[in-house]
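In case you want the letters, here they are:
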Amino acid sequence: MIKVTRTQEPAYLKSRANGWLKDLRKARQNNDTVAYNKAIAKYASHHVRDALDKMFSGKCAYCESLIAVVATAHIEHFRPKQKYPSLTFTWTNLLLGCPTCNDGAHKGTKFPKARDNGPFIDPATEDPLDHIEFFYDPLSRLALARAKTLRGQLMIETFGLNVRPDLLRFRSTYIRTLLAIKPDELVNPEYAELLADARTDRTPYHAWIQALAL
Ligand SMILES: [Zn+2]
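Residues numbered from 1 in each chain as written. Predicted model: local features only at pLDDT ≥ 70, side-chain atom pairs only at ≥ 80, totals over all residues. Heavy atoms only, no water.

**A few points about the UniProt feature "domain: HNH" (unreviewed entry) in the protein chain**
Convention followed: UniProt positions are given in the numbering used here, feature names are shortened, and annotations may be inferred rather than shown by experiment. Numbering of helices and strands starts at the N terminus; helices are DSSP runs of H or I of at least 4 residues and strands are runs of E of at least 2.
Here, the residues flagged by UniProt with the feature "domain: HNH" (unreviewed entry) are residues 60–107. Secondary structure over residues 60–107 splits into 8% helix and 17% strand, and the C-alpha atoms at its two ends are 13 Å apart.

**Topic: the pattern of salt bridges**
As a reminder of what qualifies: Criterion for a salt bridge: a side-chain nitrogen of Lys or Arg within 4 Å of a carboxyl oxygen of Asp or Glu. Burial classification: accessible surface area is computed with a 1.4 Å probe over protein chains only, and a residue below 20% of its type maximum counts as buried, one above 50% as exposed, and the rest as partly exposed.
Tallied over the entire structure, the rule returns eight salt bridges. Across the salt bridge formed by K182 and E185, the nearest N and O atoms sit 3.8 Å from each other. Note on K182: relative accessible area 30%, which makes it partly exposed. Ionic pairing is found between R199 and E185, a salt bridge with its closest N-O pair at 3.0 Å. You can see R199 sitting in the loop between α7 (189–198) and α8 (206–211) and its partner E185 sitting in the loop between α6 (165–181) and α7, a full 14 residues away along the chain. On the basis of relative accessible area, R199 is assigned to the partly exposed category, the value being 32%. Exposure remark for E185: the relative accessible area of 16% places this residue in the buried category.

**Some points on the layout of surface pockets**
Basically, it comes down to this: A cavity here means a set of 1 Å grid points, computed over protein atoms only, where a 1.4 Å probe fits but cannot escape. A pocket is an open set with protein on both sides within 12 Å along at least 5 of 7 lines, and lining residues have an atom within 4 Å of a point. Grid points are joined across faces, edges and corners, and a volume is the space filled by probe spheres set on the points. Lys, Arg, Asp and Glu make up the charged group, whereas Ala, Val, Leu, Ile, Met, Phe, Trp, Tyr, Cys and Pro make up the nonpolar group; the residues left over, Gly among them, are polar. Boundary definitions for the domains trace back to an automatic or database domain assignment.
The volume enclosed by the largest pocket comes to roughly 420 Å³. For the largest pocket, the lining is made up of 16 residues, of which S65, L66, V70, L167 and Y205 are closest to its centre. Secondary-structure elements contributing two or more residues to the lining of the largest pocket are α4 (99–102) and α6. Grouping the amino acids of the lining of the largest pocket by side-chain chemistry returns 12 nonpolar, two polar and two charged. Residues from two domains meet in the lining of the largest pocket; each of domain 1 (11–102) and domain 2 (114–120 + 122–211) gives at least three. In this structure, the second largest pocket spans a volume of roughly 190 Å³. What lines the second largest pocket is a set of 16 residues, and nearest its centre among them are I2, K3, V4, M55 and S57. Summarising the domain contributions, the lining of the second largest pocket has at least three residues from each of domain 1 (11–102) and domain 2 (114–120 + 122–211).

**Describing the coordination of the zinc ion**
To keep things clear, this is the line we draw: The donor definition counts N, O and S atoms within 2.8 Å of each metal and applies 3.2 Å to Na, K and Ca; water is not among these atoms, so some sites may look incomplete. Note on geometry labels: four donors, all angles 85 to 135 degrees, give tetrahedral; four donors become square planar and six octahedral when opposite donors are over 155 degrees apart and every other angle is between 65 and 115; remaining cases are irregular.
The coordination sphere of the zinc ion, as far as protein atoms go, consists of C60 (SG), C63 (SG), C98 (SG) and C101 (SG), spread over 2.3 to 2.4 Å. One way to put it: the four donor atoms around the zinc ion meet at angles of 105 to 116°, and that makes the site tetrahedral. Of the residues examined, C98 reaches a relative accessible area of 6% and is grouped as buried. For C101, a relative accessible area of 1% translates into the label buried.

**Overview of a positive patch on the surface**
Heads up, the rule is: Think of a patch as exposed residues, more than 30% relative accessible area, with no salt bridge, where like charges cluster within 9 Å and nonpolar side chains (Val, Leu, Ile, Met, Phe, Trp, Tyr) cluster within 5 Å. Computed with the Shrake-Rupley method and a 1.4 Å probe, the accessible areas treat only the protein chains shown as cover for residues. Asp and Glu are treated as the negative residues and Lys and Arg as the positive ones, with His and the ends of the chain left uncounted. Here the site of a charge means NZ on Lys, CZ on Arg, CG on Asp, or CD on Glu.
Taken together, the side chains of K83, K110, K113 and R115 present a region of like positive charge at the surface. Since its relative accessible area comes to 69%, R115 is described here as exposed.

**A closer look at the packing of aromatic side chains**
Aromatic ring pairs: the centre-centre distance and the angle between the two ring planes describe each pair. Put simply, the rule is: Between 30 and 60 degrees the pair is tilted, below 30 it is stacked and above 60 it is edge-to-face, where a pair is any two Phe, Tyr or Trp rings, Trp via its six-membered ring, whose centres lie within 6.5 Å. A positively charged side chain is recorded as over a ring if its NZ (Lys) or CZ (Arg) lies within 6 Å of the ring centre. The angle to the ring normal must also be within 35 degrees.
If you walk through the whole model with that rule in mind, you get 10 aromatic pairs. Note that R146 overlies the ring of F135, its terminal NZ or CZ placed 3.9 Å from the centroid.

**With respect to the nonpolar core**
Basically, it comes down to this: Take the buried Ala, Val, Leu, Ile, Met, Phe, Trp, Tyr and Cys residues and link them wherever side-chain atoms come within 4.5 Å; each set so joined is a nonpolar core. Note on contacts: a residue pair qualifies if any of its non-hydrogen atoms lie within 4.5 Å across the two residues.
L52, Y62 and I175 are the most contacted members of the largest nonpolar core, which has 59 residues in total. Broken down by element, this core gets its largest block of residues, six residues, from helix α1 (residues 11–29). Summarising the domain contributions, this core has at least three residues from each of domain 1 (11–102) and domain 2 (114–120 + 122–211). When residues no more than four places from it in sequence are discounted, the contact partners of L52 are R6, I75, W91, L94, L95 and L96.

**Here we look at the domain arrangement of the protein chain**
By a widespread convention, an interface's size corresponds to the accessible area lost as its parts come together. For clarity, the threshold we go by: Using a 1.4 Å probe, buried area is obtained as the accessible area two parts lose upon being combined, added over both of them. In the analysis that follows, any N or O atom pair within 3.5 Å is treated as a polar contact, provided that within protein one partner can donate a hydrogen and the other can accept it, and provided that, for residues neighboring in sequence, both atoms belong to side chains.
Domain parsing of the protein chain yields domain 1 (11–102) and domain 2 (114–120 + 122–211). Taken together, the contact between domain 1 and domain 2 spans 16 residues of the former and 16 residues of the latter. Buried surface at the junction of domain 1 and domain 2, summed over both partners, amounts to about 1300 Å²; 63% is from carbon and sulfur atoms. Interface area lost by domain 1 to domain 2 is led by Y62, E64 and F78, which between them contribute 40%. Scanning the region where domain 1 abuts domain 2 turns up zero salt bridges. Our count for the contact surface shared by domain 1 and domain 2 stands at six residue pairs in polar contact (both at pLDDT 80 or more). Considering only residue class, the side of domain 1 that touches domain 2 consists of 10 nonpolar, four polar and two charged.

In structure tokens, the structure reads:
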């Protein structure tokens, strides 16, 4: 997880959000499930997804994996639309999420309260570094996350940041490779290029790249 600067609300959403919300409320008042389901899905537009994709450089807000390589990114509601329907079309409630982080086994429709060590950390409003330390363990050769606060612990556990086998393996190999080539950066132009590319926002697992000063 890294801090992300929220970009401007896409004009498409800004001009339609209020109307969609009115339709949603009306459908709920009328107990019209068909109209409600139709209204609540209006946010799912490529205009919104494209804006989030740009804001997050194509990476998941939670696990920082590059999504487009294997899947279509989800428009993720930080506060779940099932529990906070009035925020369904609110730009500041929207993040980019990968299908795994967004599924029921991980975030799903959860949104824990403070008494349950919540709420989750929104990387567009808070710096994850205040809650999570990102480090490399040379013994296990794994790039891991360590909680600094209870909310950080909630994030690591909910999103399985240290236990999802594919995520852990790919992330650790990538960081380990960068660590291995770093000492020869100045004498090997190829290594210098690889490291320069890794330092841009486009690459995954930037939290570790920054923390390890790669
Ligand atoms: Zn993810």
